[in-house]
Amino acid sequence: MPDIQRATGMRDVLPDERPYWDAIIVTAIDLAQRYGYQRVDIPIIEYTELFTRGVGTASDFFIKKEMYTLDEGEGRSLTLRPEFTAGFVRAYIENGMGSWSQPVKVYTIGPVFRRESPQAARFRQHSQFNPEILGEIDPAADVEIMMIVLNLHKELGYKNLTFQLNSTGCPECKPNYVVELKRFLSGHMDKLAPVDKERMQRNPLRILDTKEEGMEQLLAEAPVILDYLCDDCDDHFQELRGLLDALEQSYEINNRLVRGIDYYTKTVFELWDQDIGAQSSLCGGGRYDGLSEAIGGPPLPAVGVGIGIERIIIGMRQQEIDLPDPKKPVVMVAHFGGNTKPAAIQLAYHLRDAGIGTRMVFARTRRSMKSQMREADRHEVDFTAIIGDSELESDSAMIKNMGTGEQTLVGNNEIIQWFHEQLGSL
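What comes next concerns the included structure. These figures come from a predicted structure and were not determined experimentally.

Okay, the environment of Val 333 next. By secondary structure assignment, the location of Val 333 is in strand E12 (residues 331-335). On the basis of relative accessibility, which here comes to 0%, the residue Val 333 falls in the buried class. The spatial distance from the C-alpha of Val 333 to the C-alpha of Tyr 264 is 58 Å, given a sequence separation of 69 residues. Every residue in contact with Val 333, bar those within four places of it in the chain, is listed here: Ala 344, Leu 347, Ala 348, Leu 351, Thr 358, Arg 359, Met 360, Val 361 and Ala 385.

Turning next to the pairing of strand E6 (residues 125-134). On a regular strand, each side chain points to the face opposite its neighbour's, so the side chains alternate between the two faces of the sheet. The buried fraction of E6 is high, at nine of 10 residues. Taken together, the 10 bridges between strand E5 (residues 104-113) and E6 define a ladder with antiparallel strand orientation. Bridging across to E6, Thr 108 finds its partner in Asn 130. Taken together, the five bridges between E6 and strand E11 (residues 302-308) define a ladder with antiparallel strand orientation. Considered in E11, the bridge of Ile 133 is made with Val 303.

Taken together, the side chains of Ile 44, Ile 45 and Leu 70 make up a nonpolar region of the molecular surface, amounting to roughly 230 Å² of accessible area. Turning to its location among the elements, Ile 45 is positioned in strand E2 (residues 45-47).

So, on to the sheet that holds strand E13 (residues 358-360). With respect to topology, five strands assemble into an open sheet ordered E13-E12-E14-E15-E16, the strand pairing being mixed. Strands at the two margins of the open sheet, each flanked by one partner only, are E13 and strand E16 (407-411). Neighbour to neighbour, the strand axes of the sheet diverge by 30 degrees on average, direction disregarded. The pairing of E12 with strand E14 (residues 383-387) spans five bridges and is classified as parallel.

In this fold, Glu 172 is placed in the loop between strand E7 (161-167) and helix H6 (174-186). For Glu 172, a relative accessible area of 63% corresponds to the exposed category.

A few words on the pattern of salt bridges. Overall, the coordinates contain 21 salt bridges when judged by the stated rule. Ionic pairing is found between Glu 94 and Arg 90, a salt bridge with its closest N-O pair at 3.2 Å. Linking Glu 94 with Arg 90, this pair stays in helix H4 (residues 85-94), spanning four residues, or about one helical turn. A salt bridge links Glu 198 to Arg 202, with the shortest nitrogen-to-oxygen separation between them at 3.9 Å. With Glu 198 and Arg 202 both in helix H7 (residues 194-202) and four residues apart, this pair spans about one turn of that helix. Within the structure, one salt-bridge network assembled from shared partners comprises Asp 142, Asp 232, Lys 266, Arg 287 and Asp 289.

So, about the packing of helix H5 (residues 139-155) against helix H9 (residues 231-246). Contact pair H5 / H9: the axes reach a minimum separation of 9 Å and the direction vectors enclose 45 degrees. By the angle class used here, H5 and H9 are oblique. Crossing of H5 against H9: the hand is right-handed. Counting all contacts with H5, which are made through Pro 139, Ala 140, Asp 142, Val 143, Met 146 and Met 147, the residues of H9 involved are His 236, Glu 239, Leu 240, Leu 243 and Leu 244.

The rules we used
Residues numbered from 1 in each chain as written. Predicted model: local features only at pLDDT ≥ 70, side-chain atom pairs only at ≥ 80, totals over all residues. Heavy atoms only, no water. Helix = DSSP H or I, 4+ residues; strand = E, 2+ residues; numbered from the N terminus. Buried < 20%, exposed > 50% of the residue type's maximum accessible area, 1.4 Å probe, protein only. Contact = heavy atoms within 4.5 Å. Pairing = 2+ DSSP bridges. Patch = residues over 30% accessible without salt bridge, like charges linked within 9 Å, V, L, I, M, F, W, Y side chains within 5 Å. Areas by Shrake-Rupley, 256 points an atom, 1.4 Å probe, with all protein chains shown as cover. Salt bridge = Lys/Arg side-chain N within 4 Å of Asp/Glu carboxyl O. Axes fitted to C-alpha atoms, helices over the stretch in contact; angles between N-to-C directions. Parallel < 35°, antiparallel > 145°, perpendicular 65-115°, else oblique. Left-handed = near helix turned anticlockwise from the far one by under 90°.

Given below as structure tokens:
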């Protein structure tokens with residue numbers, strides 16, 4: 001092993017996994033464009049107060065000090081983005097998107113960073129696809145975001161999908177619920193784990209999705225937030241449910257679903273795959289109508305979702321979802337060194353320029369043709385174009401069909417057309 005290894009919680013994406021990434025990213029971009037979203041790219045690093053003011057200091061990853069922050073001097077610090085949403089809202093305000101035609105529908109793809117304990121499907125650097133709708137309160141916007149999530153996973157081969165759905169209310173009604181929840185939990189402090197006792201002081205809602213052992217029965221008796229919604233939040237949630245029903249879209253009300261960040265209001269959701277089991281949650285998002293005001297901007301209703309690319313890949317592998325075979329070179333150019341080498345390089349260039357995937361044999365000294373044929377077999381090419389002295393003299397190449405063993409001498413002025421005809425018949 002080398003003395004220097006990759007940092008804890010980071011990972012390398014190697015060629016055997018990269019086709020998954022390519023398929024997901026291509027599908028996500030195509031889907032976003034079909035839905036009328038425009039791509040934006042925001043900085044990987046932002047001023048820390050964007051997240052502390054926007055996301056909220058009661059969020060768990062602040063408690064655990066999960067942000068990567070560096071001191072810039074003069075009392076300011078910078079932070080590697082732990083999520084995209086606050087940056088989207090900052091970009092909306094700073095770039096005057098409020099003057100654009102509303103709503104603004106945008107998406108991005110890129111890495112986010114959290115200093116959390118590495119575990120399955122969680123890395124300190126992980127990548128997300130985030131579609132967002134800014135400037136719209138209509139529950140139909142929530143449904144559209146949910147349908148993008150659903151369509152993406154279905155088009156990638158997932159099948160048994162359903163949504164978990166809840167409403168977290170708004171600043172008008174959420175505080176009343178928090179009071180009742182705290183009153184209930186205060187009567188059972190002996191059953192709370194230390195981490196949940198800490199949450200009681202900072203963000204009692206987070207206890208609802210605790211993973212601590214023995215909490216299932218207790219929380220089944222806890223007050224339900226849907227019983228405390230104001231009329232506006234209740235109307236919004238009922239309309240959302242009606243739209244999902246009209247689409248005949250499967251969902252379950254999950255009273256314990258609150259998500260882990262403070263800025264959510266009204267709708268919160270997760271997409272679940274019933275075939276995966278314990279790790280059935282694929283991604284989640286919701287509405288964040290108060291985030292803009294929290295960072296000093298105007299009122300701005302908005303809804304979005306963060307979809308982890310690594311999480312999708314894990315699910316695809318668990319379910320053995322096949323990917324289309326990646327494009328690979330179908331021709332290898334072999335030579336005998338000397339004057340045949342420049343001719344082979346020229347042929348490889350012209351074939352690639354014509355859109356024909358081609359590998360080139362590398363050799364500073366002469367290699368046996370038997371060795372080069374073994375290399376062609378390893379790479380599973382369909383044809384090997386051989387250039388020797390006689391082919392050089394006749395301005396041609398000897399083409400070997402690697403499946404049948406048949407060899408054909410083809411002139412260089414005809415070789416591109418010949419390959420197009422042959423490949424079209426495979």
